[in-house]
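Here is how the chains run, residue by residue.
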Amino acid sequence: MTPIEPRLSVAIPVAGMAESAGLKRTLDGLFQMPNWDELEVLVQVGSSDSGTFDPALTHHPCQPIWSFESDRGVYDAMNRMAKRATGTRILFLGAGDVPLPGLSLAMLRWDSDPNQLEMGGVQLPDSEAWVPDHYPPRWDRSLFWRNTAHHQGMAYPLSLLQAFGGFPEEFRVLGDYALSLDLFKSGVRAQWHADEDWIQVQTGGLSRQFNAALYQEEWALKKTRLPFGFVFIAQPIWIFGKALWKMSAQRRA
């Protein structure tokens, strides 16, 4: 039975029943964790119609807590789940993402420092062209250049996430990147164990659709967050070059 104060809330936003198969993989994977009973599993469906899902899924043994309500996008859904969560920390997954043994190991050693992120590696098998198949945990100035902190490998202290107001909802694709820059610039600390992977991520996703809108959004968030200096001045050239490189690779794939 889920404890009164879960060690970790796992929040999964889905658009609707089309993601049922992926969601089942995720819930099955969470239930197979040896410490699954320390989890609070939240599922936010971006529709008010609760009758479209298979009852076997809505009553999954990992005891997901469902919410059916129209939302304004993925970050609105994530922020709504953060407001309902009761765990010490919160981890956001997509339908189809599957936990790896490293997540269970990490949960055993977490302390209660409300200002410290816990991080783990993320695996992306069969990733898109020019997308790494592995994101190791990383929390440093590389964030000023690209999103090196994959949100599926970040267990946010719930109180810290709420104190920062959650994910910026003005961004359609890179709200998690914007939040990471805000946290890093504010001096938030992070810890991890090298070579410890938490999640195997489902291929696809908005942030891996390389188009002009994605890079326009990246520049928009960096303009208001990066300190003025060489890194700031170099961003337009850096982003333009990166866009040409990845969009060209995507066309050739």
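Note: the structure precedes this text.
This text gives an overview of the structure that appears in the document. (Residues numbered from 1 in each chain as written. Predicted model: local features only at pLDDT ≥ 70, side-chain atom pairs only at ≥ 80, totals over all residues. Heavy atoms only, no water.)

Pairing in this open sheet of seven strands is mixed, and the strands run 3-2-1-4-9-6-10 from one edge to the other. Across the chains shown, the open sheet's two edge strands, defined by having one partner strand only, are strand 3 (65–68) and strand 10 (189–191). The mean inter-strand angle of the sheet, taken between neighbouring strand axes irrespective of direction, is 25°. Examined bridge by bridge, strand 6 (residues 116–119) and strand 10 share three bridges and lie parallel to one another. Bridged to Leu-117 within strand 10 is Ala-190. Across the sheet, helix 1 (residues 20–31) touches strand 1 (8–14), strand 2 (39–45) and strand 3, and the angle it forms with strand 1 is around 170°. Packing against the sheet, helix 3 (residues 74–84) makes contact with strand 1, strand 2, strand 3 and strand 4 (89–92), and its axis sits at approximately 140° to strand 2. (Pairing = 2+ DSSP bridges. Helix = DSSP H or I, 4+ residues; strand = E, 2+ residues; numbered from the N terminus. Axes fitted to C-alpha atoms, helices over the stretch in contact; angles between N-to-C directions. Contact = heavy atoms within 4.5 Å.)

Right, let's talk about helix 7 (residues 212–223) for a bit. With twelve residues, helix 7 ought to run about 16 Å at 1.5 Å a step, and its terminal C-alpha atoms sit 17 Å apart, in line with that. Turning to helix 7, its buried residues are Leu-214, Tyr-215, Glu-217, Glu-218, Leu-221 and Lys-222. Down the axis of helix 7, the smallest arc covering the buried residues is 155°, so these residues share one side. (Expected span 1.5 Å × (residues − 1). Buried < 20%, exposed > 50% of the residue type's maximum accessible area, 1.4 Å probe, protein only. Arc of directions from axis to C-beta.)

The next point concerns the sheet that holds strand 8 (residues 134–135). Strand order in the open sheet made by the four strands is 5-11-7-8, with mixed pairing throughout. Each edge of the open sheet carries a strand with a single partner, namely strand 5 (98–99) and strand 8. Taken together, the two bridges between strand 7 (residues 121–123) and strand 8 define a ladder with antiparallel strand orientation. If you follow Gln-123 over to strand 8, its bridge partner there is His-134.

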